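For reference, the chains in residue letters:
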Amino acid sequence: MINVSKLKKGIVIDHIEAGHGYKIFSQLGLDALEDVVVLMRNVPSRKMGKKDLIKIETDIHLDLTVLGLIDPNVTINFVKDGALIRKEKLQLPAVVEGILECKNPRCISKYQKINDIKFYLIDEKTKEYRCEYCDTATSF
Amino acid sequence: MLKGRHLIEPSEFSIDELEEIFGLADSIIQKPEDYSEICKNKLLASLFYEPSTRTKFSFDAAMLRLGGEVIGFSDPNTSSVAKGETLKDTIITISNYVDIVVVRHPQEGTAKLMAKYALVPVINAGDGGHQHPTQTLTDLLTIRHYKKSLNNHCIAVCGDLKFGRTIHSLVKAMHRYQDVKFIFISPEELKIPRYIKDLLEPGSYFETTNLDKVIGKADILYMSRVQRERFVSEYEYLRLKDYFILTPEKMLRAKDDMIVMHPLPRVNEIAEEVDSDKRAVYFHQAKFGMYVRMALIVKLLGLE
């Protein structure tokens with residue numbers, strides 16, 4: 001068993017479905033952080049069998065919207081002075097900007113560089129979002 | 001208040017706002033001479049990034065009959081697009097010259113993108129297979145004229161329901177009226193997209209591949225063209241284009257007061273023999289199109 005020391009301050013992203021940890025790591029851009037970041041994969045879990053887990057020792061604000069898209073079942077634990085101060089369950093965001101790409105090959109966003117495309121949630125079950133320009137359903 | 005607004009998709013206007021436009025269209029039809037100078041000194045930019053005869057002529061005729069002027073292009077190769085200018089830059093620049101912009105573009109969502117940056121009202125004259133709201137206004141005005149109301153109808157739409165933007169816009173607009181039911185008639189490959197069906201109450205529509213069986217139920221039959229440019233291969237186009245053709249024999253099973261509509265141009269989906277049937281209103285529909293565009297321009301410019 002590998003031991004990772006207890007977090008003093010920062011965020012623990014727990015209950016990540018095994019295999020999704022690296023996706024979350026990449027999407028949050030954690031490789032660019034100067035702070036200590038630990039990605040643990042296939043950690044034994046009573047509830048899930050095995051899970052992934054990320055510990056981030058940082059003060060900076062992270063946009064966690066993306067987590068709701070990749071794995072809405074994860075738990076976010078905020079830690080300060082070695083103690084858990086807040087626990088959050090994620091929900092799918094109603095509006096997403098800058099993460100999704102429209103999958104419609106005829107959408108104008110495929111032909112022009114558009115930075116601020118909004119996607120609106122249309123189906124929580126399938127995690128599908130609607131492109132603000134062409135209305136096509138798309139998912140992460 | 002419609003002054004300064006864009007028209008990107010028909011549902012952006014409330015039923016009352018649409019009624020305002022239709023009311024003005026009625027007045028223009030009754031006394032066109034009263035409106036022949038209302039747009040004097042106003043300029044409309046007509047930006048057609050893909051070929052269109054009817055829609056372009058309809059808008060041009062509408063503006064000219066209101067006493068306004070039209071500038072623009074109907075071939076993007078002659079515009080700054082050919083130099084690689086972005087749509088954002090194009091619309092910001094053109095907004096400085098004109099009072100209102102009409103845009104048609106083959107890519108879906110273009111009019112919405114342009115409206116985001118435009119300083120003057122933008123009218124979507126068709127964006128790929130997505131929306132064609134002024135065709136919808138035309139269709140609604142036609143239905144309102146012949147059926148005296150936009151409520152309580154069974155509308156059968158037939159043909160290419162997957163790529164047919166006029167169909168998408170029509171369904172989105174009509175589902176807001178009371179007790180409107182839809183019959184979607186298409187080959188399996190050209191079924192209506194899910195995002196349109198998601199707007200409708202379950203039980204307010206059904207899908208079929210057989211025009212013959214359902215024609216007797218319809219108050220309005222809306223025929224559409226299977227468009228060559230929407231298909232990946234010529235083979236697929238040729239295989240599906242003749243799928244559903246309206247003939248005088250099929251019309252025998254239709255109600256006496258059913259109306260047949262078509263956005264035009266027709267290829268062969270309505271036999272020419274049907275043209276003389278009093279229920280065939282598709283050529284009158286084109287005229288309503290010009291009047292409703294006149295009313296729309298006047299309203300968006302805030303001149304009435």
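Residues numbered from 1 in each chain as written. Chains lettered and ligands numbered in written order. Predicted model: local features only at pLDDT ≥ 70, side-chain atom pairs only at ≥ 80, totals over all residues. Heavy atoms only, no water.

*Asks:* Is there a simple way to think about the overall build of chain A in this case?
*Replies:* On a plain count of helices and strands, chain A comes out with 2 helices and 9 strands. Secondary structure of chain A in N-to-C order comes out as β-α-β-β-α-β-β-β-β-β-β. Taking the principal axes of its C-alpha atoms as reference, chain A extends roughly 50 × 30 × 25 Å. A buried classification covers 44% of the 140 residues belonging to chain A. Only carbon and sulfur atoms are counted for the fraction: they give 48% of the accessible area of chain A, which is about 8300 Å². In chain A, which carries 22 positive and 20 negative side-chain charges, the distance between the mean positions of the two groups comes to 6 Å. (Helix = DSSP H or I, 4+ residues; strand = E, 2+ residues; numbered from the N terminus. Buried < 20%, exposed > 50% of the residue type's maximum accessible area, 1.4 Å probe, protein only. Areas by Shrake-Rupley, 256 points an atom, 1.4 Å probe, with all protein chains shown as cover. Lys, Arg positive; Asp, Glu negative; His and termini not counted. Charge placed at Lys NZ, Arg CZ, Asp CG, Glu CD.)

*Asks:* Sorry, what's going on with the nonpolar core here?
*Replies:* Generally speaking, soluble globular proteins have nonpolar side chains that are buried together. Residue and element names in this part refer to chain B. Grouped together as the largest cluster of nonpolar side chains are 58 residues, with contacts concentrated most on F22, L140, M174 and I297. At 10 residues, helix α11 (residues 282-300) tops the list of elements feeding residues into this core. Domain assignment of the residues forming this core places at least three in each of domain 1 (10-131 + 287-300) and domain 2 (133-285). When near neighbours in sequence (up to four residues on either side) are disregarded, F22 contacts L137, L140, L141, R144, L150, Y177 and V292. (Core = buried A, V, L, I, M, F, W, Y, C linked by side-chain atoms within 4.5 Å. Domains from an automatic or database assignment. Contact = heavy atoms within 4.5 Å.)

*Asks:* Would you take a moment to explain the pairing of strand β3 (residues 100-105) of chain B for this structure?
*Replies:* Along a regular strand, successive side chains alternate from one face of the sheet to the other. Residue and element names in this part refer to chain B. Summarising burial for β3: 6 of the 6 residues are buried, a large majority. Residues of β3 alternate between two faces, with I100, V102 and R104 on one and V101, V103 and H105 on the opposite face, all of them buried. In this sheet, β3 lies alongside strand β1 (residues 43-48) in parallel orientation, the contact comprising 5 bridges. Residue pairing for β3: F48 is matched across the bridge by R104. Strand direction decides the pairing type here: β3 and strand β4 (residues 122-127), joined by 4 bridges, are parallel. Note on β4: the bridge partner recorded for V102 is I123. Each parallel crossover has a hand, and the one from β3 via helix α4 (residues 110-117) to β4 is right-handed. (Pairing = 2+ DSSP bridges. Right-handed = clockwise from strand over helix to strand, strands pointing away.)

From the geometry alone we can't say anything about function, so treat these as descriptive.
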